[in-house]
Amino acid sequence: MTLAGFLGAAYLFADSRGPAAAPAPASSPAVYHSDGLADAYDGFRAEALTLPTGRGPGTVSLRVTGPAGPVTDFQHVHTKPMHMYVLRDDLSGYQHLHPEVVDGAWTAPVTITDGGAYRVYAEFVPHGRPPGAEPTVLGVPFVIPGDTSMVPVPAPQAQARSGPYTVRRLDGVTDLTSGTQTALQFQVLRDGRPAVLEPYLGAYAHLSNFEVRTQGLKHLHPIPTSATGAAPADGVLAFHAAFAERGDKRMFLQFRAGGVVHQVTFTVFTT
């Protein structure tokens, strides 16, 4: 595969080792992806109707318009027509939301715990795009006023914990090389043994990657390992990764085990 072709594939909405083998992308897929740093892209626009204005429970409500007007239905990707994310500009406060249409707007509850500058990302695949097409990602910023405790981006670590589970990055804290194909592998363990992973939103893991410098969003492309859709017996979740930019990335990995959705975070550096 050429470098340009791989970089295009790397932007696909991605989750690892889902219950069904992921369809192979087309050899020359159309590029629709945006990084969520603008409110308009590819003929679609996100208009903020309601955004949080203070700490505590709140609501996010976005009207999405396309070439033919307001859009209230998209292709279901990982069981949902839209995936919504909230992140503060210090790469903390990550939330993965699943909005529903209320009065013509994509609406979800959200809880904000601290002040600062935030962005809400709306990711969707319009009807009519071919299987495996990249999503469109739009973003809208908002600010929570008041004193704020900023969180420095942690240095790369080889493992992270959530409840009784330890997640190991199998290559430790190795720097990745931008512009090259890389396999990122994470192993989920409980008491030193591979964890029993359960489906979550049609997959065994969800991985969101944000550029630390810009807060641009990308999803990593999964590496299918089983045609049967069985959970990985070794607890290993693998992802294709290719990055055009050097610098720090902040990755949020979600998985379900023991009936609970867990989340761990890794910092990865590309040279």
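Residues numbered from 1 in each chain as written. Predicted model: local features only at pLDDT ≥ 70, side-chain atom pairs only at ≥ 80, totals over all residues. Heavy atoms only, no water.

1. Points about unusual backbone geometry
- We note that Leu91 has phi near 70°; this positive angle belongs to a residue other than glycine.
- Residue class for Leu91 comes out buried when judged on its relative accessible area of 5%.
- The phi dihedral of Asp103 falls on the positive side, at around 50°, and the residue is not glycine. (Buried < 20%, exposed > 50% of the residue type's maximum accessible area, 1.4 Å probe, protein only.)

2. Some words on the layout of surface pockets
- The volume enclosed by the second largest pocket comes to roughly 180 Å³.
- Together, 16 residues line the second largest pocket, and Glu211, Arg213, Thr214, Lys218 and Glu245 are the ones closest to its centre.
- Mapped by element, the contributors of at least two residues to the lining of the second largest pocket are β16 (217-219) and β19 (247-257).
- Considering only residue class, the lining of the second largest pocket consists of four nonpolar, five polar and seven charged. (1 Å grid on protein atoms, 1.4 Å probe; cavity = no way out; pocket = protein on both sides within 12 Å on 5 of 7 lines; lining within 4 Å. Points joined across faces, edges and corners; volume = space filled by probe spheres on them. Helix = DSSP H or I, 4+ residues; strand = E, 2+ residues; numbered from the N terminus. Nonpolar A, V, L, I, M, F, W, Y, C, P; charged D, E, K, R; others polar.)

3. Notes on the sheet that holds strand β20 (residues 260-270)
- Taken together, the four strands give an open sheet; going across it, the order is β16-β15-β19-β20, and neighbouring strands pair in antiparallel fashion. A single partner strand is all that each edge strand has here, and the edge strands are β16 and β20. In this sheet, adjacent strand axes meet at a mean angle of 25° when their direction is disregarded.
- The sheet contact formed by strand β15 (residues 206-211) and β16 spans three bridges and is antiparallel. The residue bridging Phe210 from the neighbouring strand is Leu217, located in β16. (Pairing = 2+ DSSP bridges. Axes fitted to C-alpha atoms, helices over the stretch in contact; angles between N-to-C directions.)

4. Section: the sheet that holds strand β5 (residues 83-88)
- Within the open sheet, the four strands sit side by side as β6-β5-β9-β10. Their pairing is antiparallel. Every interior strand has two partners, whereas the edge strands, β6 (95-97) and β10 (136-144), have only one. Sheet twist, expressed as the mean angle between neighbouring strand axes with direction ignored, is 20°.
- In the sheet, β5 pairs with β6 via three bridges, with the strands oriented antiparallel. Residue Met84 lies in a different strand from β6, and its bridge partner there is Leu97.

5. A closer look at the side chain of His96
- Looking at the element boundaries, His96 is found in strand β6.
- For His96, a relative accessible area of 12% corresponds to the buried category.
- A polar contact is formed between the side chain of His96 and the side chain of Gln254, at a distance of 2.8 Å.
- For His96, the residues in contact, after removing those within four places along its chain, are His83, Met84, Tyr85, Tyr200, Leu201 and Gln254. (Polar contact = N/O pair within 3.5 Å; in protein donor to acceptor, adjacent residues only side chain to side chain. Contact = heavy atoms within 4.5 Å.)

6. Quick word on the nonpolar core
- Ranked by size, the top nonpolar core spans 24 residues in total, and within it Val167, Phe186, Val188, Leu220, Leu237, Phe239 and Leu253 carry the most contacts.
- Listed by contribution, the elements that provide at least two residues to this core are β12 (165-169), β13 (182-190), β18 (236-241), β19 and β20.
- At four residues, the largest contribution of residues to this core is made by β19.
- When neighbours within four sequence positions are excluded, Val188 is seen to be in contact with Tyr165, Thr166, Val167, Arg193, Pro194, Ala195, Leu197, Gly235, Leu237 and Phe255.
- Listed in part, the 23 residues of the second largest apolar core include Phe74, Leu97, Ile112 and Val140. (Core = buried A, V, L, I, M, F, W, Y, C linked by side-chain atoms within 4.5 Å.)

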